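Each chain, letter by letter, is given below.
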Amino acid sequence: METNTKITQMIRALLQDEGVSLYGFADLRDLPAEQRDGFDYGISIGLALDKDVLRGIADGPTPDYHANYDRLNERLDALSLLAEKTLIEQGFKAQANTREFVGSGEVIDGTKLPHKTVATRAGLGWIGKCALLVTESFGSGIRISSILTDAPLEAADPINTSHCGNCQVCKNICPAHAISGTPWVAGLPREQFWDAKACRKTARARSIEHLREEITLCGLCILRCPWTQKALSASVPTE
Ligand code: B12
């Protein structure tokens with residue numbers, strides 16, 4: 001089907017009006033149809049973490065970090081549902097991959113179509129050695145969500161290789177030793193370069209110690225990433 005400039009422009013205008021920090025359109029047809037629920041296209045949206053809140057987590061997750069985390073999650077779900085509604089009103093099929101629909105990190109260990117996959121397919125960034133999406137504008141200091149659709153959006157070129165180079169900062173500071181240092185390429189299984197169990201265990205311990213709460217917050221790999229540091233020192237407005 002021909003890409004449709006009209007719907008692409010409409011969604012662009014919607015997301016810009018809503019003040020989304022980062023967004024992109026992905027052609028998902030290279031992925032197995034089952035993994036993408038039969039949808040050919042995806043929209044990746046991102047909201048930057050608050051800079052001051054992020055600067056404050058060097059010694060451990062803070063109540064402000066938890067509050068920012070929750071607020072951005074709520075907003076990402078609302079924006080995903082708004083984009084879904086707009087696409088359906090224009091006669092297309094759409095599915096907002098909200099936390100309610102795909103689950104959240106507190107209860108599951110993985111989803112069949114991670115938001116990060118839609119983000120790299122949309123050219124928003126690469127996967128860092130810490131297994132997070134790293135972007136040029138915000139580093140990994142960004143929370144993301146995704147919407148699937150059959151609207152033939154004008155998709156970006158995907159990013160398939162790491163831009164981390166020889167940097168080992170996240171590996172050296174990760175309190176869970178979850179990061180092997182192996183650079184990501186598209187398709188490399190998570191387990192071959194990053195230990196989710198170690199991350200979850202240590203993040204939980206740090207959250208209990210600093211927040212007295214049974215949640216999975218740490219964020220040191222986000223804060224210390226040189227790309228995040230570059231964004232923190234730049235004058236790019238956050239949400
Ligand atoms: C389950 C989960 C967890 C689990 C497991 C994490 C994991 N990486 O799997 C635990 C509890 C450990 C966890 C921890 C954290 N999480 Co968490 N988590 C999730 C959740 C709900 C599902 C992730 C999933 O499906 N994992 C399965 C594996 C296989 O996929 P993945 O690692 O996420 O992504 C891989 C694919 O995208 C693949 N990939 C990328 N491009 C392509 C292209 C192709 C062709 C292919 C084949 C593959 C591929 O490479 C990625 C790396 O392995 C997502 C939200 C979502 N629905 O996506 C949030 C999410 C990944 N978490 C997030 C965050 C911020 C964290 C923490 C930093 C928490 C904190 N704030 O302190 C830590 C650190 C996580 C880390 N370093 O990745 C953010 C990441 C944002 C970003 N910039 O990347 C997300 C996206 C939530 C959000 N709304 O923003 N989390």
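Below: a short report on this structure. (Residues numbered from 1 in each chain as written. Predicted model: local features only at pLDDT ≥ 70, side-chain atom pairs only at ≥ 80, totals over all residues. Heavy atoms only, no water.)

**Focus: helix 7 (residues 196–211)**
The α-helix advances 3.6 residues per turn, and as a result positions three or four apart in sequence lie on the same side.
(1) Moving on: With 16 residues, helix 7 should reach 22 Å at 1.5 Å per residue; the first-to-last C-alpha distance of 21 Å fits that figure.
(2) Moving on: The complete set of buried residues in helix 7 reads Ala 196, Ala 198, Ala 203, Arg 206, Ser 207 and Leu 211. Taken end-on, helix 7 shows its buried residues confined to a sector of 155°, consistent with a single buried face. Away from its buried face, by an angle of more than 90 degrees, helix 7 presents the exposed residues Lys 197, Lys 201 and Glu 209.
(3) Moving on: Looking at the buried positions of helix 7, the neighbouring elements they touch are helix 3 (63–89) and helix 8 (220–224).
(4) Moving on: N-capping of helix 7 is provided by Asp 195, with a side-chain oxygen placed 3.1 Å from the backbone N of Lys 197. (Helix = DSSP H or I, 4+ residues; strand = E, 2+ residues; numbered from the N terminus. Expected span 1.5 Å × (residues − 1). Buried < 20%, exposed > 50% of the residue type's maximum accessible area, 1.4 Å probe, protein only. Arc of directions from axis to C-beta. Contact = heavy atoms within 4.5 Å. Polar contact = N/O pair within 3.5 Å; in protein donor to acceptor, adjacent residues only side chain to side chain.)

**Regarding the pairing of strand 1 (residues 22–27)**
(1) Moving on: Counted residue by residue, strand 1 has 5 buried out of 6 residues, so it is predominantly covered.
(2) Moving on: Bridge count for strand 1 against strand 2 (residues 41–48) is 6 bridges, and the pairing is antiparallel. Among the inter-strand pairings, Ala 26 is bridged to a residue of strand 2, identified as Gly 42. (Pairing = 2+ DSSP bridges.)

**Examining the site of the ligand**
(1) Moving on: Not every one of the 38 residues close to the ligand is listed here, only the nearest: Thr 117, Thr 120, Cys 130, Leu 133 and Arg 190.
(2) Moving on: A distance of 2.7 Å separates an oxygen atom of the ligand from a polar atom in the backbone of Leu 133.
(3) Moving on: In the environment of the ligand, a nitrogen atom lies 3.5 Å from a nitrogen or oxygen atom belonging to the backbone of Ser 140.
(4) Moving on: With 5 residues, helix 5 (residues 115–121) is the largest single contributor of residues to the shell around the ligand.
(5) Moving on: Tallied by class, the residues present in the shell around the ligand amount to 21 nonpolar, 11 polar and 6 charged. (Near = heavy atom within 4 Å. Nonpolar A, V, L, I, M, F, W, Y, C, P; charged D, E, K, R; others polar.)

**A word on the environment of Glu 136**
(1) Moving on: Tracing the backbone shows Glu 136 in the loop between strand 5 (133–134) and strand 6 (142–149).
(2) Moving on: In this structure the C-alpha to C-alpha distance between Glu 136 and Arg 75, which are 61 residues apart in sequence, comes to 22 Å.

**Points about the sheet that holds strand 6**
(1) Moving on: Here we have 4 strands laid out as an open sheet, ordered 1-2-6-3, and antiparallel in their pairing. Across the chains shown, the open sheet's two edge strands, defined by having one partner strand only, are strand 1 and strand 3 (94–96). Averaged over neighbouring strand pairs, the angle between their axes works out to 20° when direction is ignored.
(2) Moving on: In the sheet, strand 2 pairs with strand 6 via 8 bridges, with the strands oriented antiparallel. Each residue of the ladder has a partner; that of Leu 47, found in strand 6, is Arg 143.
(3) Moving on: Its contacts with the sheet place helix 1 (residues 5–17) against strand 1 and strand 2, and it is angled at close to 155° to strand 1. (Axes fitted to C-alpha atoms, helices over the stretch in contact; angles between N-to-C directions.)

**Topic: the pattern of salt bridges**
(1) Moving on: Across all of its chains, the model carries 13 salt bridges by this definition.
(2) Moving on: Ionic pairing is found between Asp 77 and Arg 99, a salt bridge with its closest N-O pair at 2.7 Å. One end of the pair, Asp 77, is in helix 3; the other, Arg 99, is in helix 4 (residues 99–102), with 22 residues separating them in the sequence.
(3) Moving on: Using a relative accessible area of 31% as the deciding quantity, one classes Arg 99 as partly exposed.
(4) Moving on: Look at the salt bridges and you will find they share partners, linking Asp 109, Arg 190, Glu 191 and Arg 200 into a network. (Salt bridge = Lys/Arg side-chain N within 4 Å of Asp/Glu carboxyl O.)

**Quick look at the state of the cysteines**
Think of a disulfide as a covalent bridge from one cysteine sulfur atom to another cysteine sulfur atom.
(1) Moving on: All told, the structure shown has 0 disulfides when counted by the stated rule.
(2) Moving on: Free cysteine Cys 170: the closest other cysteine sulfur is in Cys 130, separated by 4.8 Å.
(3) Moving on: Free of any disulfide, Cys 199 has its nearest neighbouring cysteine sulfur in Cys 221, separated by 6.6 Å. (Disulfide = S-S within 2.5 Å.)

**Things to note about the packing of helix 1 against helix 3**
The angle between the axes and the distance between the axes are what describe a pair of packed helices.
(1) Moving on: Taken N-terminus to C-terminus, the directions of helix 1 and helix 3 make an angle of 150°; their axes are 11 Å apart at the nearest point. Compared by their axis directions, helix 1 and helix 3 come out roughly antiparallel. In the crossing of helix 1 with helix 3, the sense of the turn from one axis to the other is right-handed. Between helix 1, through Ile 7, Met 10, Ile 11 and Leu 14, and helix 3, the contact on the second element is made entirely by Leu 82, Ala 83, Thr 86 and Leu 87.
(2) Moving on: The class makeup of the residues in the contact of helix 1 with helix 3 is 7 nonpolar, 1 polar and no charged. (Parallel < 35°, antiparallel > 145°, perpendicular 65-115°, else oblique. Left-handed = near helix turned anticlockwise from the far one by under 90°.)

**Things to note about the environment of Gly 110**
(1) Moving on: Mapped onto the elements, Gly 110 comes out in the loop between helix 4 and helix 5.
(2) Moving on: For Gly 110, a relative accessible area of 54% corresponds to the exposed category.
(3) Moving on: Measuring from C-alpha to C-alpha, the distance between Gly 110 and Ala 196 comes to 9.8 Å, with 86 residues separating the pair along the chain.

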